[in-house]
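An overview of the molecular structure
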Amino acid sequence: MSIKNGLLAILSLGDCHGYQLKHELISRTGSVLDVNIGQIYSTLSRLERDGFVRQLPTASSKDGQQLFAITEAGRAEAQAWLLEPMVDERDVRNDLATKLALAVTLPSVDVARIVKTQRARDIQKLQGLTVDKRGVEPQNPAQVAAVLMNDRAIFNLEAELRWLDHIETILGETKARGLDTALDLQAYAAKRGRPTKSNDKKTGESND
Amino acid sequence: MTKSTLILASGLTRTFGSGDNVVKALHDVSLKVSAGELVAIMGTSGSGKSTLLAALGGLDAIDGGFVEIDGQMLANLKGYEAAALRRQSLGFVFQDLNLVASLTVRENIALPLELDGMAPRDVAALVTSALEEMSLSEIAHRYPDQVSGGQRQKAAVARSFIGNRKILLADEPTGALDSRSSEEVIRLIRSKIDQGLAGVLVTHDAKIAAWADRILIMRDGEIVEEIDSQSSNGAS
Ligand SMILES: Nc1ncnc2c1ncn2[C@@H]1O[C@H](COP(=O)(O)OP(=O)(O)OP(=O)(O)O)[C@@H](O)[C@H]1O
Ligand SMILES: [Mg+2]
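What comes next is a walk through the structure.

1. A closer look at the site of ligand 1
Residues and elements named next belong to chain B. Inspection of the region around ligand 1 gives 13 residues, with Ser45, Gly46, Lys49, Ser50 and Thr51 positioned closest. Within the contact set of ligand 1, an oxygen atom lies 2.8 Å away from a backbone nitrogen or oxygen of Gly46. At a separation of 2.5 Å, an oxygen atom of ligand 1 approaches a polar side-chain atom of Thr51. Isolated, ligand 1 exposes 640 Å² of accessible area, and the fraction of that covered by the protein chains is 60%.

Below is the structure:
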């Protein structure tokens, strides 16, 4: 999952400052994203340049931290990313897992629909790869490399489809038990919004 | 080849139990399958897949809707007519495959033809080639409990094709097979379909379902999704 899309998805919940975004992003994706504050701010400035976020007047923040707000275009961008099936074969499972992990923490996102859209896309992809097999003789040495590559893609897609069925069931059960997976934004005190002690500098994060 | 409709089902409803225990195993399910077309049905356990196959084959009563097989309304057939239609036109592979325990693999495969009164010499020729297609020749003389689960399954698939069937209804035909044998079986099913059979195939394996022209996903007795293999560019 790109930092860009993660930030937009979180900002669609409400205005955040940089450290808050870092904290939210990490806690919502099972800590698999190792992102530093420098990356957060550079991503935010690209998002601002592209019209997806805007800075709020500094006065609107209690502790003097720069707050960022999502624009309508940013909201649309985040929504499109969440709902689009992923097509990057190289890292599709990890990326999809991270996206879904984040999506279940967002109150107004229809995760079942994301799963369904991804499943339909995966099945069609699988059908395409299977059509490619029809004319192929698996034992023909000239075709063995093609068969291997094709079969690997087929097995990967099948695994992803089983995994999608599995999490759909789990999420359905969670919902049936009345459990809510959505997370509200947490009040998060910036580590260095108002530096108190000089040992705060030991966090090792790059400067903003 | 003209794409005649071989299976037409409309508004199928099947309810089990009553009161608090009522299960809507099928709820308003409609389906059309033409010659040369393979339809796969997927869905969670208990979603109604086997119930649907049984209804299509006239093996189980339905509470609503109708089924037409090769232009004949199942509900209008007399008992012996329905039995003849099933024997001659329909091939079944059941989830809990039922080979006859007291007959060898070869005799099991020959059974539908013999029941239909085919001359023994013709039966022998057809069965021999069916055994070869499924790589079962070597175990043809054994009884079902003397072969592996996968071999039993292949024998059941071979039996479902035997003779001049027009329709194949298969419930998890590759369920007990490893991926290599599964592929062998689904390739054979696909080639029969390409020769003009119509097929409905229930499977939990997306790799197998992907050989079908259409995939229907069932949930709670309903078809909730349909995915066509050609629909990636625009068809609804
Ligand atoms: N004879 C019966 N009496 C009562 N309920 C039944 C009967 N047959 C099926 N059912 C119920 O109808 C529903 C659908 O069953 P069905 O066998 O069609 O499911 P399935 O999709 O084939 O599942 P699986 O993938 O496990 O084979 C289930 O809830 C099942 O318990
Ligand atoms: Mg079943």
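Still more ground to cover, so stick around.
2. A closer look at the packing of aromatic side chains
As enumerated under the stated definition, the model contains two aromatic pairs over all chains in all. Both rings, one in Tyr41 of chain A and one in Phe68 of chain A, keep their centres 6.4 Å apart while their planes meet at 55°; by these two values the pair is tilted. With a gap of 27 residues between them, Tyr41 of chain A in helix H3 (residues 37–49) and Phe68 of chain A in strand E3 (residues 67–70) connect regions that are remote in the sequence. Of the two residues, Tyr41 of chain A and Phe68 of chain A, neither departs from the other in class, the shared state being buried. Considering the side-chain rings of Phe92 of chain B and Phe94 of chain B, the 5.4 Å spacing of their centres and the 5° angle between planes classify their relative orientation as stacked. Over the face of the ring belonging to Trp81 of chain A we find Lys99 of chain A, whose NZ or CZ atom lies 5.9 Å from the ring centre. One Lys or Arg, Lys192 of chain B, reaches over the ring of Phe161 of chain B and ends 5.3 Å from the middle of that ring.

3. Describing the pattern of salt bridges
By the definition in use, this model includes 24 salt bridges over all chains. Of the charged contacts, one joins Asp50 of chain A and Arg49 of chain A as a salt bridge, the two residues approaching to 3.0 Å between their closest N and O atoms. Across the pair Glu37 of chain B and Arg214 of chain B runs a salt bridge, and its minimum N-O distance is 3.0 Å. With Glu37 of chain B in the loop between strand E2 (23–34) and strand E3 (38–43) and Arg214 of chain B in strand E9 (residues 214–219), this pair connects stretches of sequence that are 177 residues apart. Here Glu37 of chain B matches Arg214 of chain B in class, with each residue buried. One salt-bridge network, held together by shared partners, links Arg119, Asp165 and Glu168 of chain A together with Arg219 of chain B.

4. Some remarks on the environment of Phe92 of chain B
All names here are of chain B. Along the polypeptide, Phe92 turns up in strand E6 (residues 90–93). The exposure class assigned to Phe92 is buried, which follows from its relative accessible area of 14%. Separated by 77 residues in sequence, Phe92 and Leu169 have C-alpha atoms that sit 4.9 Å apart. Setting aside its immediate chain neighbours within four residues, Phe92 contacts Gly57, Leu59, Arg86, Ala156, Ser160 and Leu169.

Basis of the calculations
- Residues numbered from 1 in each chain as written.
- Chains lettered and ligands numbered in written order.
- Predicted model: local features only at pLDDT ≥ 70, side-chain atom pairs only at ≥ 80, totals over all residues.
- Heavy atoms only, no water.
- Near = heavy atom within 4 Å.
- Polar contact = N/O pair within 3.5 Å; in protein donor to acceptor, adjacent residues only side chain to side chain.
- Areas by Shrake-Rupley, 256 points an atom, 1.4 Å probe, with all protein chains shown as cover.
- Phe/Tyr/Trp six-rings, centres within 6.5 Å; stacked < 30°, edge-to-face > 60°.
- Helix = DSSP H or I, 4+ residues; strand = E, 2+ residues; numbered from the N terminus.
- Buried < 20%, exposed > 50% of the residue type's maximum accessible area, 1.4 Å probe, protein only.
- Lys NZ or Arg CZ within 6 Å of the ring centre and 35° of its normal.
- Salt bridge = Lys/Arg side-chain N within 4 Å of Asp/Glu carboxyl O.
- Contact = heavy atoms within 4.5 Å.

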